[in-house]
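In case you want the letters, here they are:
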Amino acid sequence: MRTTAEIAAQISEEFSLLESWEEKYDYLIEKGQNLPEMPAELKSEEHRVKGCQSSVWFATECREGRLYFQTDSDSLIVKGLAALLFELLNGQPAEAYATVDLSLFDTLGFWRHLSSQRSNGLTAMVSFLKSAAEECAARMGG
Amino acid sequence: MRTTAEIAAQISEEFSLLESWEEKYDYLIEKGQNLPEMPAELKSEEHRVKGCQSSVWFATECREGRLYFQTDSDSLIVKGLAALLFELLNGQPAEAYATVDLSLFDTLGFWRHLSSQRSNGLTAMVSFLKSAAEECAARMGG
Amino acid sequence: MAKSISEARADFPILSTWINDHPLVYLDNAATTQKPQAVIDALRDYYTLVNSNVHRGNHTLAIRATDMYEEARAKVARFINAAHPHEVIFTRGTTESINLVAASFGEAFVHPGDEIIVSQLEHHSNFVPWFELCRRKGARFRVLPFTADGELDPEVLKGMFTEKTRLLALNQVSNSLGTVNPLETIIPLAHANGVPVLVDAAQSVQHLAARDVQALDADFYAFSGHKMYGPMGIGVLYAKEYWLEKMPPFLFGGEMIDQVSSVRVTFAQPPYKFEAGTPNVEGAVGLGAAVDYLNSFDWQELEAYEESLLVYGIEQLRAIPGLTLYGNPRRRSSILPFNVEGIQHYDMGILLDTSGVAVRTGQHCTQPIMDALSITGTVRASLALYNNREDIDALTHGIRRVIKMLKR
Amino acid sequence: MAKSISEARADFPILSTWINDHPLVYLDNAATTQKPQAVIDALRDYYTLVNSNVHRGNHTLAIRATDMYEEARAKVARFINAAHPHEVIFTRGTTESINLVAASFGEAFVHPGDEIIVSQLEHHSNFVPWFELCRRKGARFRVLPFTADGELDPEVLKGMFTEKTRLLALNQVSNSLGTVNPLETIIPLAHANGVPVLVDAAQSVQHLAARDVQALDADFYAFSGHKMYGPMGIGVLYAKEYWLEKMPPFLFGGEMIDQVSSVRVTFAQPPYKFEAGTPNVEGAVGLGAAVDYLNSFDWQELEAYEESLLVYGIEQLRAIPGLTLYGNPRRRSSILPFNVEGIQHYDMGILLDTSGVAVRTGQHCTQPIMDALSITGTVRASLALYNNREDIDALTHGIRRVIKMLKR
Ligand SMILES: Cc1ncc(COP(=O)(O)O)c(C=O)c1O
Ligand SMILES: Cc1ncc(COP(=O)(O)O)c(C=O)c1O
């Protein structure tokens, strides 16, 4: 399996080929549409990330120290971001979540829209995943 | 007895002869020092004008529709102002209080210092005297 | 001579900003309005020439600052035609104004078993303070629902008044739907039932000429400086003298004190009784400048201009396939709330921004309205006096572009 | 490289004003300080380039404004070395900060029979909120007296703590006497007795390097922007995360809400839980600029400069026959309170103003101090970083002139 750094570099390159905002958003949204479908019954309050202006759900599963997840959102843009997180992190060792470098999102230009707002967007999603990963790592350790 | 307008005109003229701030304040303070002495027992809470930063007292007396008063202050400047009010109004018919023209104080230049502040200085003194005068006038009428 | 509205745009320096390589199209005015140069200059001049603490100083600057602060109060009083300047209390904004009433009026007049009525059209700031007051006091919190058109029905309200009703709280214009509520019917109705009325004027005082508090006979009237072209951090609570005299203080300290010892404290008269601590003199001066600015226009012309722009906006939006415009009130002011089928409001907002169009998306602090409409939020475009048809066209053009982008 | 204090004066445009044909000598800094050009410009730039409402907007300006607002919070947090930015709550000023604690902490932790200790050196804003809380809750209001030198005696305080003591409230520097209170002794003493401490830092945070809330171990730390070279209408409440999590909200509405329905309301996390309504973004940005400005100096140099100016002021005043300087604390900061025999403080203030010298006269919102000293008020000259020896000389020259004038 590739490292998160390798995956991030590839996503960055993909986006760097796109020129306008429109193209970037287009591509992001396409990413979201290619996500594996999340079963409706998993979209529960418990799996909802609090503080997002739009709804986004993550259902996580810890297997042999690796964290897997399914995700969906009612917003195409948020879903696209969730898809990038999925590409980057799904199935990675739990420890990789703690140290993941999110500067990728800066280069995409989406970050500002989604991170600066308090407990909104990316920050909330990432910290939701990180705490699931911590639990997962703890289970291995314990 | 001269009218308040006549008295005001005279005070205005007196002050117009003075050039510097110092001279004006000097003269004002002198006015205060020439006030008839107010007996200590009259300087009660009841006679104190509320809202002045310094203490100022007015003891009023209504005789035959005219309002007479005694006054004092722990501030020389306020006492000087009270003395101008005394010159202007003491012994005038109660009605004269209601209509008295205070633009005199504008020309003196003290007004700004003493009127603008909420419920401080001249405004508070004048309204204290006005309500005493109203009572006095009412007593005549009734 | 009044200034023409068409000249207004040039007074707002921020409107020449570019956003994402497009000229800014600012349609988030219900959240906060931009500031004319006159207001920006007033702040600079205040700090460059006058700044001082007010009221208890005797030096020249303190007196000038006090004069300016009290003059701002008098300007606001004239603006809403209050009977006395001391009926105008400076607060931080609408939210604080309403909380002041909930705390102070609530303390004195609301008891266990009493009732408070709020409308379902309220911003959280005119909903939650009453909810919490009722919780604290063991009073009953009653909500006047809105109709399918997004209006309040005076007939329904009539049936809600009881002997126990202590207050009715509602807005003049809904920040979420733009409904102009019929205060001319509702306030007399409430008064006929012995119920005082608090009006949240956060979205009306900058748009409607009907802000004469004596003509409206409002008991309380609350609004924010920052939504009426003035600075942030300043707002107003108007209250009838009758109530101010009966209400206990809200916060304690500074100018609101009369006498203090370790066994006894007495308070100053209104408005000072309700203005604890150093007031925001800068904010008051800036608000005064905003009032002057607004008064430089002919109010009839201003209302007519905003009305016609709104009508144009409604027409243009309705022409977009799949677009739902929320609410259908007889009278609407400045607010255009919508969604496009299949497109999340949040996505619409983010994508409109890529072409420089600033709108707000989400619940707009009116969750009860969203729940009633069974939606998670709306896109809200909101107008101010400097907007024009080109802004509306940029909005509708942007929406069509987003639709094309997302619906292939 | 830090900037030299001697260059500071030129940064404050108002200081070149003339008053009554004399250059302004501004010695009323404890009431409010003047603003450097950098702060004035920050306000203009904010409104010219950025202005928007914060937090829930997704458009570019809303995001920029949110970033600036949160950056200002982070700057303030670093300035006082808070453990987390969310321990910094923006308020209107010290008075509101203290009232927030009295209402919220008071609601949760003060019960009938409990006790609250405040010092006799307090400003009304840190006295009356506790007096009123005690009245409301049936708690005991206890006052720690000051000594003949105008100091607090930790030994006396020690004897006042009981099992029922819920809070100690005191200032770091007295606005009336300038006493620097020994927090390094008092706070550990209070904590050893299980008592949290609220520090009123309105007169210290702009003068003393000892504003590290973690080193002080203050539970609450309150101050005003306008007294530290920032704008009016903005202030800070620092509170330990521990308390913020346990305290109920203060005001309701806007950003502090999480979920609302007509039967249930839940609240956001700190700091938002305590920031109801549209915040004063302009004020926060201006305060951030003031923090930057203060940080452009070397703090050791700044403290030493102000200290030496104060010492010079004390010497020069003491040389005036018939002048009483109040208080004789081991350490004093920035405040010079005095009276001249036979001259009313009010007269002194008015007459100093005729030569351009701005001081404050009266009780300075500290009636308990005046009562203890058996005086009706003082003349108070108070210093800031832009004052210099010429200002002191203008003051003493002015005083001598007034004496000559009034004592013939
Ligand atoms: C020691 C002290 N505490 C509190 C205050 C109140 O501050 P503000 O009026 O800014 O709320 C002041 C200022 O007057 C003060 O000097
Ligand atoms: C109708 C209404 N009420 C109250 C408020 C709250 O105003 P502020 O945030 O200025 O306190 C707003 C603004 O968001 C509003 O639109």
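Thresholds applied
- Residues numbered from 1 in each chain as written.
- Chains lettered and ligands numbered in written order.
- Predicted model: local features only at pLDDT ≥ 70, side-chain atom pairs only at ≥ 80, totals over all residues.
- Heavy atoms only, no water.
- Contact = heavy atoms within 4.5 Å.
- Buried area = accessible area lost by both parts, 1.4 Å probe.
- Salt bridge = Lys/Arg side-chain N within 4 Å of Asp/Glu carboxyl O.
- Polar contact = N/O pair within 3.5 Å; in protein donor to acceptor, adjacent residues only side chain to side chain.
- Helix = DSSP H or I, 4+ residues; strand = E, 2+ residues; numbered from the N terminus.
- Nonpolar A, V, L, I, M, F, W, Y, C, P; charged D, E, K, R; others polar.
- Near = heavy atom within 4 Å.
- Domains from an automatic or database assignment.
- Phe/Tyr/Trp six-rings, centres within 6.5 Å; stacked < 30°, edge-to-face > 60°.
- Buried < 20%, exposed > 50% of the residue type's maximum accessible area, 1.4 Å probe, protein only.
- Lys NZ or Arg CZ within 6 Å of the ring centre and 35° of its normal.
- Arc of directions from axis to C-beta.
- Pairing = 2+ DSSP bridges.
- pLDDT = per-residue confidence, 0-100.
- Core = buried A, V, L, I, M, F, W, Y, C linked by side-chain atoms within 4.5 Å.
- Least-squares fit on C-alpha atoms with pLDDT ≥ 70 in both.
- Areas by Shrake-Rupley, 256 points an atom, 1.4 Å probe, with all protein chains shown as cover.

Q: Could you clarify how one ought to interpret the interface of chain C and chain D in this entry?
A: Where interface size is given, it is often the accessible area lost as the parts come together that is meant. Listed as interface residues are 86 residues of chain C and, on the opposing side, 87 residues of chain D. Summed over both partners, the interface of chain C with chain D buries about 6,700 Å², with 59% contributed by carbon and sulfur atoms. Among the residues of chain C in contact with chain D, Tyr 47, Arg 92 and Met 232 of chain C are the three that bury the most area, contributing 11% of the side total. Scanning the region where chain C abuts chain D turns up two salt bridges. Glu 96 of chain D is the salt-bridge partner of Arg 92 of chain C, the closest N and O atoms lying 2.8 Å from each other. Between chain C and chain D we count 30 residue pairs in polar contact (both at pLDDT 80 or more) in total. Here the side of chain C that touches chain D takes eight residues from helix H1 (residues 37–50) of chain C, the largest share from any one element. The residue makeup of the side of chain C that touches chain D, split by class, is 40 nonpolar, 31 polar and 15 charged.

Q: Please explain the site of ligand 1 as it appears in this structure.
A: Around ligand 1, the structure places 14 residues, and the nearest of them are Thr 278 of chain C together with Thr 95, Asp 200, Ser 224 and Lys 227 of chain D. Around ligand 1, the neighbouring residues derive from chains C and D rather than from a single chain. In this structure, His 123 of chain D approaches ligand 1 through a side-chain N or O atom, which is 3.0 Å from an oxygen atom. Lys 227 of chain D is positioned such that a nitrogen or oxygen atom in its side chain is 2.7 Å from an oxygen atom of ligand 1.

Q: What should I look at first to understand the domain arrangement of chain C in this one?
A: All names here are of chain C. Under the domain assignment, chain C is made up of domain 1 (5–29 + 297–407) and domain 2 (41–295). Put simply, the middle of domain 1 and the middle of domain 2, counted by C-alpha atoms, are 28 Å apart. Across the boundary between the two partners, domain 1 contributes 34 residues, which contact 30 residues of domain 2. Across the domain 1 to domain 2 interface the summed buried area is about 2,800 Å²; carbon plus sulfur atoms make up 55%. At the boundary of domain 1 with domain 2, the tally comes to one salt bridge. The partner of Glu 151 in a salt bridge is Arg 330, with the nearest N and O atoms 2.5 Å apart. Where domain 1 meets domain 2, there are 16 residue pairs in polar contact (both at pLDDT 80 or more). For the side of domain 1 that touches domain 2, the elements supplying multiple residues, two or more each, are helix H10 (299–318), strand S14 (335–340) and helix H12 (367–373). For the side of domain 1 that touches domain 2, the leading source of residues is H12, giving six residues. A per-class count over the side of domain 1 that touches domain 2 returns 19 nonpolar, eight polar and seven charged.

Q: Can you walk me through the packing of aromatic side chains in this structure?
A: Aromatic rings considered in pairs are described by the distance between their centres and by the relative angle of their planes. On inspection of all chains with the given rule, the structure shows 44 aromatic pairs over all chains. The interplanar angle of 65° and the centroid separation of 5.6 Å between the aromatic rings of Phe 58 of chain A and Phe 69 of chain A together place this pair among those described as edge-to-face. Taken together, the positions of Phe 58 of chain A in strand S1 (residues 56–63) and Phe 69 of chain A in strand S2 (residues 66–73) put the pair 11 residues apart, joining distant regions of the chain. Assigned by exposure class, Phe 58 of chain A and Phe 69 of chain A land together as buried. The positively charged end of Lys 246 of chain D is found above the aromatic ring belonging to Tyr 242 of chain D, 3.8 Å away from the centroid.

Q: What is the right way to look at the interface of chain C and chain A in this model?
A: Contact with chain C, which involves 14 residues of that partner, is made by 14 residues of chain A. Both faces combined, the contact of chain C with chain A buries some 1,500 Å², and carbon together with sulfur accounts for 56% of it. Put simply, Glu 22 of chain A and Arg 401 of chain C hold a salt bridge, and the shortest N to O gap is 2.1 Å. For the pair chain C and chain A, the interface holds five residue pairs in polar contact (both at pLDDT 80 or more). If you list the elements that add at least two residues to the side of chain C that touches chain A, you get helix H11 (345–353), strand S16 (360–362) and helix H13 (389–406) of chain C. Examining the composition of the side of chain C that touches chain A, we find that five residues originate from one element, H11 of chain C, more than from any other. Across the side of chain C that touches chain A, the residue classes break down as five nonpolar, five polar and four charged.

Q: Would you take a moment to explain helix H6 (residues 183–192) of chain D for this structure?
A: Since the α-helix turns once every 3.6 residues, residues separated by three or four places project in the same direction. Residue and element names in this part refer to chain D. What H6 keeps buried is the set Leu 183, Ile 186, Ile 187, Leu 189 and Ala 190. Down the axis of H6, the smallest arc covering the buried residues is 160°, so these residues share one side. Opposite its buried face, H6 presents the exposed residues Glu 184 and Ala 192, each directed more than 90 degrees away. Buried positions along H6 lie against helix H5 (154–160), strand S7 (165–171), strand S8 (197–200) and helix H7 (213–216). Downstream of H6 by one or two residues, Gly 194 has phi in the positive range, about 70°.

Q: Help me understand the pattern of salt bridges in this model?
A: It is possible for side chains bearing opposite charge to pair when their charged atoms get close. One pass over the structure, following the stated rule, counts 54 salt bridges over all chains. Among the salt bridges present, the one from Glu 61 of chain B reaches Arg 63 of chain B, with a minimum N-O distance of 3.4 Å. Glu 61 of chain B sits in the partly exposed class, given a relative accessible area of 42%. Between Glu 70 of chain C and Arg 73 of chain C there is a salt bridge; the shortest N-O distance is 2.9 Å.

Q: Honestly, the sheet that holds strand S3 (residues 92–93) of chain A in this entry has me stumped. Any pointers?
A: Sheets are built from strands paired through backbone hydrogen bonds, the pairs being either parallel or antiparallel. Spatial strand order, S1-S2-S3 (chain A): three strands in an open sheet with antiparallel pairing. The open sheet has two edge strands, S1 and S3 of chain A, and neither has a second partner.

Q: For this particular structure, what's the right way to read the confidence of the model for chain A?
A: Segments scoring low in pLDDT should not have their predicted coordinates read at a detailed level. Of all residues in chain A, 88% attain a pLDDT of 70 or more, and the chain-wide mean is 85. Within chain A, the lowest mean pLDDT, 57, falls on helix H6 (residues 111–115) of chain A, and the highest, 95, falls on S2 of chain A.

Q: Help me understand the nonpolar core, please; the structure alone is not making it clear to me.
A: Across soluble globular proteins, nonpolar side chains have a tendency to be buried as a group. Counting residues in hydrophobic clusters, the biggest one holds 79 residues, and the most contacted among them are Ile 80, Phe 90, Leu 168, Tyr 221, Phe 223 and Leu 385 of chain D. When sequence neighbours within four positions are dropped, the list of residues in contact with Phe 223 of chain D reads Val 76, Ile 80, Gly 93, Thr 94, Ala 201, Ala 202, Val 205, Met 228, Gly 235 and Val 236 of chain D. Leu 15, Val 54 and Val 205 of chain C together with Leu 61 of chain D belong to the second largest nonpolar core, which has 75 residues in total.

Q: Please clarify how the relation of the copies chain C and chain D should be interpreted in this entry.
A: Of the two same-sequence chains, chain C is brought onto chain D (RMSD 0.0 Å, axial shift 0.0 Å) by a rotation of 180°. Taken together, the rotation and translation relating the two chain copies correspond to the operation of a two-fold axis. Identified as the residue of chain C closest to the rotation axis by C-alpha distance is Gly 233 of chain C, at 3.0 Å. Take the interface residues of chain C: 100% of them recur as interface residues in chain D, which is what a same-surface contact looks like.

Q: Can you walk me through the site of ligand 2 in this structure?
A: Near ligand 2, the surroundings consist of 13 residues, among which Thr 95, Asp 200, Ser 224 and Lys 227 of chain C together with Thr 278 of chain D are the closest. Per-site note: the chains with residues close to ligand 2 are chains C and D. Between ligand 2 and the protein, one listed contact pairs an oxygen atom with a side-chain N or O atom of Thr 95 of chain C at 2.5 Å. One nitrogen or oxygen atom from the side chain of Ser 224 of chain C is found 2.6 Å from an oxygen atom belonging to ligand 2. Isolated, ligand 2 exposes 390 Å² of accessible area, and the fraction of that covered by the protein chains is 95%. Considered class by class, the residues forming the shell around ligand 2 number one nonpolar, 10 polar and two charged.

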